[in-house]
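A structural walkthrough
Each chain, letter by letter, is given below.
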Amino acid sequence: MSTPRFVLRESGLAGLKVIERCLLEDSRGSLSRFFSADAFREMGFTDPVNQINLTVTKRMGTVRGLHFQHPPHAEVKVVSCLRGRIFDVGVDLRRDSPTFLQWRGEILSGENLTSLLLPRGFAHGFQTLEPDCELLYLHSAPHTPEAEDGLHPMDPALAISWPLEIAELSEKDRGRAFIAREFQGISL
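Now for a quick tour of the structure. (Residues numbered from 1 in each chain as written. Predicted model: local features only at pLDDT ≥ 70, side-chain atom pairs only at ≥ 80, totals over all residues. Heavy atoms only, no water.)

1. Brief notes about the pairing of strand β12 (residues 133-139)
So the rule is basically this: The classification of residues rests on relative accessible area computed with a 1.4 Å probe and restricted to protein chains. Under 20% of the type maximum is buried, over 50% is exposed, and intermediate values are partly exposed. Every helix listed is a DSSP run of H or I at least four residues long, and every strand listed is a run of E at least two residues long, numbered separately from the N terminus. Strands are labelled as partners when DSSP assigns at least two bridges between them.
Summarising burial for β12: six of the seven residues are buried, a large majority. Relative to β12, strand β5 (residues 51-57) runs antiparallel, the two sharing seven bridges. Among the inter-strand pairings, Val-56 is bridged to a residue of β12, identified as Glu-134. Relative to β12, strand β7 (residues 77-83) is paired through six bridges, and the arrangement is antiparallel. When the bridges of β12 are listed, Cys-81 appears paired with Leu-135.

Here it is, written out as structure tokens:
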């Protein structure tokens, strides 16, 4: 019998999953599997990994997001924090979802070996809880500038409970409009 490499937890939002990497340790150190095509396919990441991004965010309290791509460029993402600690958020934008416009936040860190799997139709953002946070993203689709969009992270319609006062927010994210009453979401 093989040792499990991942533990999957449901988040309460359909398709949004929390992945815990299992740590194998001995006197030499440790190993955790970061990716397995077979295991990830079973979790809902059915496309090949198309792009891998690495970000570093210097300042504690910084918010990045909430970003997404419109269909047909919508993507599945797996987000992991390699260094530091973040509050990672997924927002369901799927028009016909029972959890439409609901959000879920999860603490990701280099120590807790936890990742968030965001299905197509979710916006993603995070807040750094420590300085110098390093994140690794696995994407099922390449970044397509003409398909990119986002939500304002302080939108009262979402009412995200960011753990810290927002210390920094990009001009682009700060300039995003709040959700209009007629917002219909994304149809996949």
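2. Quick look at the packing of aromatic side chains
How two aromatic rings sit relative to each other is set out by the distance from centre to centre and by the angle between their planes. Operational definition: A pair of Phe, Tyr and Trp rings is counted when the ring centres sit within 6.5 Å of each other, with Trp represented by its six-membered ring. The angle between the planes then sorts it: under 30 degrees is stacked, over 60 is edge-to-face, the rest tilted.
With the rule as written, the count across this model stands at six aromatic pairs. Here the aromatic rings of Phe-87 and Trp-162 are separated by 6.1 Å at their centres, their planes lie at 80 degrees, and the arrangement is edge-to-face. Remark: Trp-162 occurs in the loop between β13 (148-150) and β14 (168-169) and Phe-87 occurs in strand β8 (residues 85-92); sequence separation between them is 75 residues. For Phe-87, a relative accessible area of 10% gives the class buried. On the accessibility criterion, Trp-162 (10% relative accessible area) is buried.

3. With respect to the layout of surface pockets
Here is the rule: Computed over the protein atoms alone on a 1 Å grid, cavities are sets of points where a 1.4 Å probe fits but cannot get out and pockets are open sets with protein on both sides within 12 Å along at least five of seven lines; a residue lines them when it has an atom within 4 Å of a point. Grid points are joined across faces, edges and corners, and a volume is the space filled by probe spheres set on the points. By the convention adopted, Pro, Cys, Tyr, Trp, Phe, Met, Ile, Leu, Val and Ala count as nonpolar, Lys, Arg, Asp and Glu as charged, and the other residues, Gly among them, as polar.
Quantified by volume, the largest pocket comes out at close to 550 Å³. In this structure, the largest pocket is lined by 29 residues; those nearest its centre are Thr-55, Arg-64, His-67, Lys-77 and Tyr-137. Put simply, the parts of the chain that give the lining of the largest pocket at least two residues each are β5, β6 (62-69), β11 (122-128), β12, β13, β14 and α2 (171-174). Of the residues that constitute the lining of the largest pocket, the class distribution is six nonpolar, twelve polar and eleven charged.

4. Considering empty space enclosed by the protein
A complete count under the given rule lists one cavity of 30 Å³ or more for this structure. Roughly 80 Å³ of volume is contained in the largest cavity. Together, His-67, Phe-68, Gln-69, Ala-74, Glu-75, Lys-77, Leu-118, Pro-119, Arg-120, Gly-121, Phe-122 and Ile-186 line the largest cavity. Per-element tally for the lining of the largest cavity: the top contributor is β6, with three residues.

5. Topic: the pattern of salt bridges
We count it as follows: What counts as a salt bridge is simple: a side-chain nitrogen of Lys or Arg found within 4 Å of a carboxyl oxygen of Asp or Glu.
Counted under the stated rule, the structure contains 14 salt bridges. Between Arg-9 and Glu-106 there is a salt bridge, with the nearest N and O atoms lying 2.9 Å from each other. Of this pair, Arg-9 sits in strand β1 (residues 6-10) while Glu-106 sits in strand β9 (residues 103-109), and the two are 97 residues apart along the sequence. The class of Arg-9 is partly exposed, set by a relative accessible area of 29%.

6. Remarks on the pairing of β6
Where burial is concerned, most of β6 is hidden: six out of the eight residues are buried. Looking at chain direction, β6 and β14 are connected through two bridges and run parallel. Of the residues in β14, the one forming a bridge with Thr-62 is Glu-168. The sheet contact formed by β6 and β11 spans four bridges and is antiparallel.

7. Things to note about the environment of Glu-42
For Glu-42, the position within the fold is in helix α1 (residues 37-43). The exposure class of Glu-42 is exposed, given its relative accessible area of 71%. As a C-alpha pair, Glu-42 and Pro-153 span 111 residues in sequence and 31 Å in three-dimensional space.

8. Some points on the sheet that holds β1
Heads up, the condition is: In this analysis, axes come from line fits to C-alpha atoms, helices being fitted only over the stretch in contact, and the angle between any two N-to-C directions falls in the range 0 to 180 degrees.
Taken in spatial order, the six strands line up as β1-β2-β10-β7-β12-β5 in an open sheet, and their pairing is antiparallel. Because the sheet does not close on itself, it has two edges, and the strands there are β1 and β5. Taking each pair of neighbouring strands and ignoring which way they run, the sheet shows an average axis angle of 25 degrees.

In short, shape yes, function no, at least from these values alone.
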